[in-house]
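A structural walkthrough
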Amino acid sequence: MTTDPSDLVLDPTCGSGTTASAAEQWGRRWITIDTSRVALALARARIMGARYPYYLLKDSPAGQQKEAQLTRQPVADAPTYGNIRQGFVYERVPHITLKAIANNTEIDEIWAQRQPKVEQDLAALNAALQGHKIPYTVTTGGRKDQQIKFTAAGIVKLPSGEDAPANTLLEWEVPREQPDDWPASTAQPLAAFWQARITRQKEIDAAIAASADQEYLYDKPYEDKNTVRVAGPFTVESLSPHRVLAVDPDDELIDPNTPSPQHPSEDTDFASVILETLRVSGVQQAHKADKIDFSSLTGWPGNHICAEGRYLEGENETEKRAGIFIGPEFGTVSRADLVAASREAGDAGFDALISCAFNYDAHSAEFTKLGRIPVLKARMNADLHMADTLKNTGAGNLFVIFGEPDIDINETDNGQIQVEIHGVDVFHPQSGEVRASNTDEIACWFIDTDYNEESFFVRHAYFLGASDPYKSLKTTLKAEIDAEAWASLYGSISRPFAKPKSGRIAVKVINHLGDEVMKVFGVS
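Computed from a predicted structure; not experimentally measured. Residue positions within a chain follow its written sequence, with the count starting from 1. Per-residue local features of the predicted model are confined to residues with pLDDT of at least 70, and side-chain atom pairs are confined, for both listing and counting, to 80 or more; whole-chain, interface and lining totals are unaffected and use all residues. For side-chain calculations, the full set of non-hydrogen atoms in the structure is used, while hydrogens and water are omitted.

**A look at the overall build of the protein chain**
- Check the secondary structure of the protein chain and you find 11 helices and 26 strands.
- A contact between two residues is defined here by any heavy atoms of the two lying within 4.5 Å. A separation threshold of at least 6 residues defines the contact pool for the protein chain, and within that pool the share at least 24 residues apart is 56%.
- Using the Shrake-Rupley algorithm and a 1.4 Å probe, accessible areas are obtained, with residue cover drawn only from the displayed protein chains. When the accessible surface of the protein chain is summed, it comes to about 29,500 Å², and 51% of that surface belongs to carbon and sulfur atoms. In this description a helix means any DSSP run of H or I spanning at least four residues, a strand means any run of E spanning at least two, and both kinds are numbered starting from the N terminus.

**Here's the deal with the nonpolar core**
- Working definition of a nonpolar core: buried Ala, Val, Leu, Ile, Met, Phe, Trp, Tyr and Cys residues. They are joined through side-chain atoms within 4.5 Å. Working definition: with a 1.4 Å probe on protein chains only, accessible area under 20% of the residue-type maximum means buried, over 50% means exposed, and in between means partly exposed. Core analysis: the biggest nonpolar cluster contains 20 residues, and F294, I324 and I354 have the highest contact counts within it.
- Of all the secondary-structure elements, those providing two or more residues to this core are α7 (270-281), β13 (294-299), β14 (305-313), β15 (318-326), β16 (352-357) and β18 (373-380).
- Each residue touching F294, except ones within four places of it in the same chain, is listed here: L278, G282, V283, G309, R310, Y311, I324 and I354.
- Grouped together as the second largest cluster of nonpolar side chains are 17 residues, I407, I505, V507 and V509 included.

**Side note on the pairing of strand β26 (residues 516-522)**
- β26 sits mainly inside the fold: five of its seven residues count as buried.
- Note that strand β25 (residues 504-511) and β26 share seven bridges and pair antiparallel. For V507, the partnering residue across the bridge sits in β26 and is K519. Strand pairing follows a simple DSSP-based rule, namely that at least 2 bridges must link the two strands.

**Examining unusual backbone geometry**
- Even without being glycine, S6 reaches a positive phi, approximately 80°.
- Within the secondary structure layout, S6 lies in the segment before β1 (8-11).
- Positive phi, close to 70°, is recorded for D145, a residue that is not glycine.
- Structurally, D145 can be placed in the loop between β4 (136-137) and β5 (147-148).

**Section: the packing of helix α5 (residues 106-129) against helix α6 (residues 187-211)**
- Two elements in contact, α5 and α6, have axes separated by 8 Å at closest approach and are oriented at 170°. Here α5 is positioned roughly antiparallel relative to α6, judged by the angle of their axes. Considering the relative orientation of α5 and α6, their crossing is left-handed.
- Among the residues forming the contact of α5 with α6, the class breakdown is 16 nonpolar, two polar and seven charged. Lines fitted to C-alpha atoms define the axes here, with helix axes fitted over just the stretch in contact, and angles between the N-to-C directions of these axes take values from 0 to 180 degrees. An angle below 35 degrees is read as roughly parallel, one above 145 as roughly antiparallel, one from 65 to 115 as roughly perpendicular, and any other as oblique. With the far helix as reference, a near helix turned anticlockwise by less than a right angle produces a left-handed crossing, and one turned clockwise produces a right-handed crossing. Nonpolar residues are Ala, Val, Leu, Ile, Met, Phe, Trp, Tyr, Cys and Pro. Charged residues are Asp, Glu, Lys and Arg, and all others, Gly as well, are polar.

**Points about the side chain of S21**
- Residue position: S21 is located in helix α1 (residues 18-25).
- If sequence neighbours within four positions are ignored, S21 has contacts with R46 and Y52.

**As for the pattern of salt bridges**
- When a carboxyl oxygen of Asp or Glu lies within 4 Å of a side-chain nitrogen of Lys or Arg, that pair is called a salt bridge. Considering all chains together, one arrives at 14 salt bridges under this definition.
- A salt bridge links E173 to R143, with the shortest nitrogen-to-oxygen separation between them at 2.8 Å. With E173 in the loop between β7 (163-165) and α6 and R143 in the loop between β4 and β5, the pair connects residues that are 30 residues apart, well separated along the chain.
- Taking relative accessible area as the criterion, E173 reaches 1% and is therefore assigned buried.
- Notably, a salt bridge pairs R321 with E308, separated by 2.7 Å at the nearest N-O pair. A residue pair is termed long-range when its members are at least 10 positions apart, and R321 in strand β15 and E308 in strand β14 qualify at 13 residues.
- Residue R321 is classed as buried on the basis of its relative accessible area of 18%.
- For E308, a relative accessible area of 8% gives the class buried.
- Taken together, the shared-partner salt bridges connect E308, R310, E319 and R321 into one network.

**Section: the sheet that holds β26**
- Read across the sheet, four strands follow the order β24-β23-β25-β26 without closing on themselves; strand pairing throughout is antiparallel. Sheet topology places β24 (460-463) and β26 at the edges, where each strand pairs with a single neighbour. The average undirected angle you get between the axes of adjacent strands in this sheet is 15°.

**Let's talk about the packing of aromatic side chains**
- Side-chain rings of Phe, Tyr and Trp, where Trp is taken by its six-membered ring, are said to pair if the distance between their centres is within 6.5 Å; with planes under 30 degrees apart they count as stacked, over 60 as edge-to-face, and otherwise as tilted. Using the criterion set out here, one finds 12 aromatic pairs in the structure.
- Among the aromatic residues, ring-to-ring pairing joins W26, Y55, F88, Y90, Y216 and Y218 into one connected group.
- We note K66 situated over the ring of Y222; from NZ or CZ to the ring centre the distance is 4.4 Å. A positively charged side chain is recorded as over a ring if its NZ (Lys) or CZ (Arg) lies within 6 Å of the ring centre. The angle to the ring normal must also be within 35 degrees.

**Some points on the confidence of the model for the protein chain**
- Every residue gets a pLDDT, meaning the predictor's confidence in that residue, from 0 to 100. Model confidence for the protein chain is summarised by a mean pLDDT of 81, while 81% of its residues fall at 70 or above.
- Per-residue pLDDT stays below 50 along residues 240-245; that stretch engages in 15 contacts with residues further than four places along the chain or on separate chains.

**Examining the pairing of strand β2 (residues 29-32)**
- The alternating pattern of β2 places W30 and T32 on a buried face, while none of R29 and I31, on the opposite face, is buried.
- With four bridges connecting them, β1 and β2 associate as parallel partners. From the neighbouring strand, D11 faces β2, where its bridge partner is T32.
- When the strands point away from the viewer, a crossover counts as right-handed if the route from the first strand across the helix to the second turns clockwise. Considered for its hand, the β-α-β crossover made up of β1, α1 and β2 is right-handed.

**Some points on the side chain of E308**
- Here a polar contact means two N or O atoms within 3.5 Å. Within protein one must be a hydrogen donor candidate and the other an acceptor candidate, and residues neighboring in sequence count only if both atoms are side-chain atoms. A polar contact is formed between the side chain of E308 and the side chain of R310, at a distance of 2.9 Å.
- When sequence neighbours within four positions are dropped, the list of residues in contact with E308 reads S296, L297, T298, W300, R321, A322 and F350.

So, in structure tokens, the structure goes:
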């Protein structure tokens, strides 16, 4: 490991996101780069859908307790801040030397504490063997291969010069398993003797390991199995059009985006790229079949409208003209922008306005029509930021129009209100009608119970859909989910809440494709 927790890792070739995933797992910050939107999409999905182990932070109460357990020291009383820079609590292996064992006074304390129990259980075992007529052949120590007669008496001399009773076992002569010819009364004292001896040895080994020099295993931090961790917040950013500088034969820099007689520009500006992609992909509605395919798309010399799109509407396939408004490459479309573009579309005799933008502000959510001109707000896929690669990778749902939520606001007996959602009203270009879809089209919906007309705050969150997300969530997390708590989140009727002081609530709906729409409602 060449980095420490919280270090920044840079990988200029993203690929499938292995570097980013590994950095996320080991607590490193990361930046990864790639020219392919496919690679970025794979990496994004991989990181967002992964579960990571939760390692014990050294700078945490649980980490302090684990460190105290490993070092056999009192728990530190220093305040903790959860700083990952302090690292994790790692497994370690002791580097044991004879000097470390000889200077370890804790061994003597453990021996003095545990040895009486060992001697007591050994005496009980010898008492149970007294008078047993079958001799026992010793397998280790100074009396190896000699027989101990439990009916004998007197003292024998050991090879070391020490005296020992002739009819009793010494500590190191006791067998690990009970011999078949021993009486049943020896089973309990034999097991107790070995338990006491093993306990003594384990404590001695732990004391030796704790006082020895430690080598940390930085690839083996201790994990909290009771905590499920997912990826932290991250952003996907892009720059377009990509600018590549080259050098000509005269060692002069060539900017391909700057046309010259020697180097004519083959690139187009952002709006031209969007229009070309719009010509190919069309505008997708909430349903796959409900799609606006343009029969022609030509430039329009307007202040806000940059193109005229023609498409067929209804069963009679009546040709309609739509003004195309393209929002900024990096920015948000406001309500004022839509109003100005709608007026221009009306003055030019268009049948509809199609606005294409990456983001819309909250005030534009309610703006769906100006006079006779319907306003279709198409949200552009973020992949369009890398427009120069789209001609090679094809176009998917790059321009998606999502309708407005169909809800009822009901008052409860105690004066609070509840929101019930029935579906989403979606414009169908084939018939020119607005149709209502059911809640199966909704993945999740949120309520801001006191909307301030500036920012949407998620105060209530609910999940819907034809499939059972509870089962999927349970499978993904591999954990039990509180069914009662989940039932309060999985439904089309909100929990009751007090009437807002601002007199407004906002409801945001997201479908299974990730497209979202927000609508503001007045509550008296």
